[in-house]
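Close look at the chain arrangement
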Amino acid sequence: MPDLTVPPTPPTPPVLLSALLAREDLGLRQIAGPSDPGIAIHWAHTSEMPDPYPYLLGGELLLTAGVHIPDAAGSGTYFDDYVARIVEAGGVALGFGVAPVHDTVPRALVAACDHYDLPLLEVPPPTPFSRVARAVWQLMAQARLAELRRVTEAQQSLAAAASRPDPVPSVLRQLAQRVGGRAVLFGPDGTEIAGAGRGAGGVGATGAEAGGRTGSTGTWAGRGAGAVGAEASGAKVREALAELARVVRPPAAPTSSPASSRRSPASSPTSPTTPSKSSTSTSLDGTPPNRPAPTSATDTVPGAHLAAYALGTGQGFVLGVAAPRRAPGDHTIASVAAVLLSLLTGEHQSRTGADRSSALVRLLLGAAPEDVASLLGGDRWVVVHARPDTPAPDPVAASALGAALGSTLIDRTPEVVRVLLPADREPAPQPGWTLGVSAPVTPEEWPAADTQASRALARARATRAPLVRHGSSGRAGLDELVPHDEAEAHARTLLAPLTAHPALTETLRTWLSLHGSWDRTAVALAVHRNTVRQRIARCAALLETDLDDPDVRMELWFGLRHL
């Protein structure tokens with residue numbers, strides 16, 4: 001037996017039964033059942049089966065000419081059983097063609113439709129069923145076009161609002177205007193940071209603001225003598241929206257989508273992925289411990305439809321929306337606003353971003369690196385030099401690299417991307433990049449770490465390794481035997497002839513690190529191998545030594561490590 005609790009939802013918006021009845025070219029007339037203007041049709045289907053239940057998905061306008069009706073049907077329970085099965089299958093309305101089989105609609109069928117609250121339409125002889133079905137799809141196309149136009153206009157207005165001097169309040173105002181309700185930004189602690197709009201649930205709405213908006217789901221606010229009741233209703237909506245906002249969590253948390261999340265055709269089909277309380281198995285009392293928190297949730301209270309969206313910043317901000325009813329496109333519009341608010345409340349707008357800006361200002365004004373390092377979030381740091389496989393790093397790739405390494409402190413140059421990150425974030429090889437990583441250092445040693453990362457990157461490129469760390473061999477050697485000051489003094493004396501020639505010093509360093517390989521040194525320095533040979537010969541001449549002697553190479557390498 002199929003699951004009839006919530007039939008699948010079509011990818012097009014439903015059409016109101018009243019809009020179909022208003023089509024004069026069809027000549028349809030409702031002769032039984034409720035006349036609720038909110039009844040919606042998802043599609044039209046023709047069937048002459050005496051039991052249409054197995055062939056219905058729910059939400060249909062079922063069309064029949066009564067071919068299946070037996071002659072003695074009026075004296076038994078045939079019509080009651082027939083209508084009951086349609087209702088049980090989720091059918092929305094029944095259209096009966098009075099020709100060519102029947103001259104009139106059977107009275108027993110009219111009575112059964114009244115009994116089961118199923119709208120019954122009389123289809124006149126000149127109107128074929130195919131014309132009715134085509135009219136349904138035409139109305140759906142018109143509704144879809146209107147929805148797309150509304151969403152497009154809303155996206156444009158929200159984007160323009162995000163560029164204003166007060167972007168967050170402007171986006172909230174535009175969102176509230178587009179959904180005809182209230183938009184609220186909740187902080188990480190659940191308190192309201194900003195809000196816009198009016199109506200029930202409007203925080204701080206005046207008596208004039210609380211007037212006269214009604215929706216199909218109930219009264220949105222009242223006027224005059226009903227103002228007190230409207231304020232009470234608004235307070236309940238406000239509390240329910242704040243409670244719903246506590247249910248959701250940022251998108252970084254894993255989410256679940258149980259199969260039971262399918263919705264009924266009575267709900268809007270324009271946003272089939274919209275999570276709700278049922279779709280996320282979440283209640284306003286809290287999330288069960290064995291289920292991950294949803295990233296968005298919906299709820300309804302008398303007179304309002306509520307929705308909450310966790311902003312994807314990881315900062316704990318939540319967007320709450322209260323509207324008089326759920327209109328097609330509302331979810332898409334709210335999702336666009338959530339994306340914009342995620343950007344506006346992101347790290348560059350958070351305390352972390354403010355601290356980083358403060359650290360930059362202090363450095364520019366003469367503060368020592370160690371004095372501002374605490375604002376950046378660490379005591380020890382590593383510098384990463386990265387070179388892409390492509391000719392030059394682009395801004396998007398550089399930002400993606402920083403995000404992958406876990407840092408927003410990024411410097412992009414035409415040749416490499418430099419990233420500064422806390423030492424507790426272990427850099428890992430990244431696809432499409434070659435990385436050189438410095439040793440962990442204190443802030444006052446940042447310049448030295450930058451040099452270490454540059455040399456590690458050169459070695460990584462020469463050896464075709466995805467990542468090389470400075471001092472990755474793990475051998476301290478003479479470094480532990482000779483005091484640092486004495487080692488530096490010896491290195492300056494030993495390499496004094498090369499001091500005025502930085503290119504020679506760097507070539508010698510790279511050549512020694514690569515065991516005297518001309519080709520690999522040329523690759524690491526991006527020069528021709530003959531240039532490497534000429535520079536090494538020049539180094540040997542200036543130093544007046546034999547670079548083929550392993551003892552000389554060892555001493556020079558020791559000096560270069562302390563230079």
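Residues numbered from 1 in each chain as written. Predicted model: local features only at pLDDT ≥ 70, side-chain atom pairs only at ≥ 80, totals over all residues. Heavy atoms only, no water.

1. Observations concerning the nonpolar core
Selection criterion: Take the buried residues of types Ala, Val, Leu, Ile, Met, Phe, Trp, Tyr and Cys, join any two whose side-chain atoms come within 4.5 Å, and each joined set is a nonpolar core. Only protein chains enter the accessibility calculation, which uses a 1.4 Å probe; a residue whose area is less than 20% of its type maximum is buried, one above 50% is exposed, and one in between is partly exposed. To qualify as a helix, a DSSP run of H or I must reach at least 4 residues; to qualify as a strand, a run of E must reach at least 2; elements of each kind are numbered from the N terminus. Working rule for contacts: check all heavy atoms of both residues, and any pair within 4.5 Å makes them a contact.
Among the nonpolar cores identified, the biggest contains 29 residues, and L158, L172, L175, L319 and L341 are the most heavily contacted of them. Those elements giving two or more residues to this core turn out to be α4 (129-162), α5 (167-179), β8 (182-186), β9 (192-197), β13 (304-310), β14 (318-323) and α7 (330-344). When residues of this core are assigned to their parent elements, the largest contribution, eight residues, is made by α7. If we ignore the near neighbours within four places in the chain, the residues touching L158 are V171, Q174, L175, I333, V336, A337 and L340. If you look at the next biggest cluster of nonpolar residues, it comprises 22 residues, including A32, L62, A89 and L118.

2. Side note on the pairing of β8
Each regular strand displays side chains that alternate between the two surfaces of the sheet. So the rule is basically this: Strands are treated as partners if at least two bridges between them are detected by DSSP.
Most of β8 is tucked away, with five of its five residues classed as buried. Hairpin geometry of β8 and β9 is characterised by an intervening segment of five residues between the two adjacent antiparallel strands and by a positive phi of about 90 degrees at G190. Two strands pair when backbone bridges link them, and β8 and β14 are joined in this way by five bridges, in the antiparallel orientation. By the bridge assignment, R182 is partnered in β14 with A322.

3. Observations regarding the packing of helix α2 (residues 78-88) against helix α3 (residues 107-115)
Threshold: Lines fitted to the C-alpha atoms define the axes, with helices restricted to the stretch that makes contact. Angles between their N-to-C directions range from 0 to 180 degrees. By definition in this entry, angles of less than 35 degrees are roughly parallel, angles greater than 145 are roughly antiparallel, angles of 65 to 115 are roughly perpendicular, and the rest are oblique. Crossing chirality is assigned from the near helix's rotation relative to the far helix, an anticlockwise turn below a right angle marking it left-handed and a clockwise turn marking it right-handed. Gly is placed with the polar residues, together with every amino acid not listed as nonpolar (Ala, Val, Leu, Ile, Met, Phe, Trp, Tyr, Cys and Pro) or charged (Asp, Glu, Lys and Arg).
Close contact between α2 and α3 brings their axes to 9 Å; oriented N to C, the two are set at 45 degrees. The orientation of α2 with respect to α3, classified from their angle, is oblique. In this structure, α2 crosses over α3, and the sense of that crossing is right-handed. Touching F79, D80, Y82 and V83 of α2 are A108, L109, A112 and C113, all from α3. Partitioned by chemical class, the residues of the contact of α2 with α3 number seven nonpolar, no polar and one charged.

4. Considerations on the pairing of strand β15 (residues 381-388)
β15 sits mainly inside the fold: seven of its eight residues count as buried. Pairing of β15 with strand β17 (residues 417-422) involves six bridges; the strand directions are antiparallel. Bridging from a neighbouring strand, V384 pairs with V419 of β17.

5. A look at the confidence of the model for the chain
Predicted coordinates in regions of low pLDDT should not be interpreted in detail. Threshold: Residue-level confidence of the predictor, termed pLDDT, takes values from 0 up to 100.
Scored by pLDDT, the chain comes out at a mean of 78, with 78% of its residues at no less than 70. Confidence over residues 200-232 falls short of pLDDT 50; this stretch has 51 contacts with residues more than four positions distant or in other chains. Taken together, the stretch residues 252-287 has pLDDT below 50 and engages in 77 contacts with residues farther than four places along the chain or on a different chain.

6. Focus on the environment of R509
Along the chain, R509 turns up in helix α13 (residues 502-513). Take R509: its relative accessible area is 7%, and that puts it in the buried class. If sequence neighbours within four positions are ignored, R509 has contacts with R455, W557, L560 and R561.

7. Remarks on the sheet that holds β8
The sheet built from five strands is open, its strands ordered β9-β8-β14-β13-β12 with antiparallel pairing. Unpaired on one side and paired on the other, β9 and β12 (296-301) mark the two borders of the sheet. The mean inter-strand angle of the sheet, taken between neighbouring strand axes irrespective of direction, is 15 degrees. Sheet topology places β13 next to β14; six bridges connect them, and they run antiparallel. Each bridged residue has a counterpart across the sheet, and for H305 the counterpart in β14 is A323. On top of the sheet, α5 reaches β8, β9 and β14; it is set at about 145 degrees to β8, its chief contact. Here α7 sits on the sheet in contact with β13 and β14, set at roughly 150 degrees to β14.

8. So, the packing of helix α11 (residues 446-463) against helix α14 (residues 518-525)
Relative orientation of the contacting elements α11 and α14 amounts to 130 degrees, with a least axis distance of 8 Å. When the axes of α11 and α14 are compared, the pair comes out oblique. The way α11 lies across α14 gives a crossing that is right-handed. The residues of α14 that touch α11, namely those facing A458, R461, A462 and T463, are R520, V523 and A524. Along the lines of polarity and charge, the residues of the contact of α11 with α14 split into four nonpolar, one polar and two charged.

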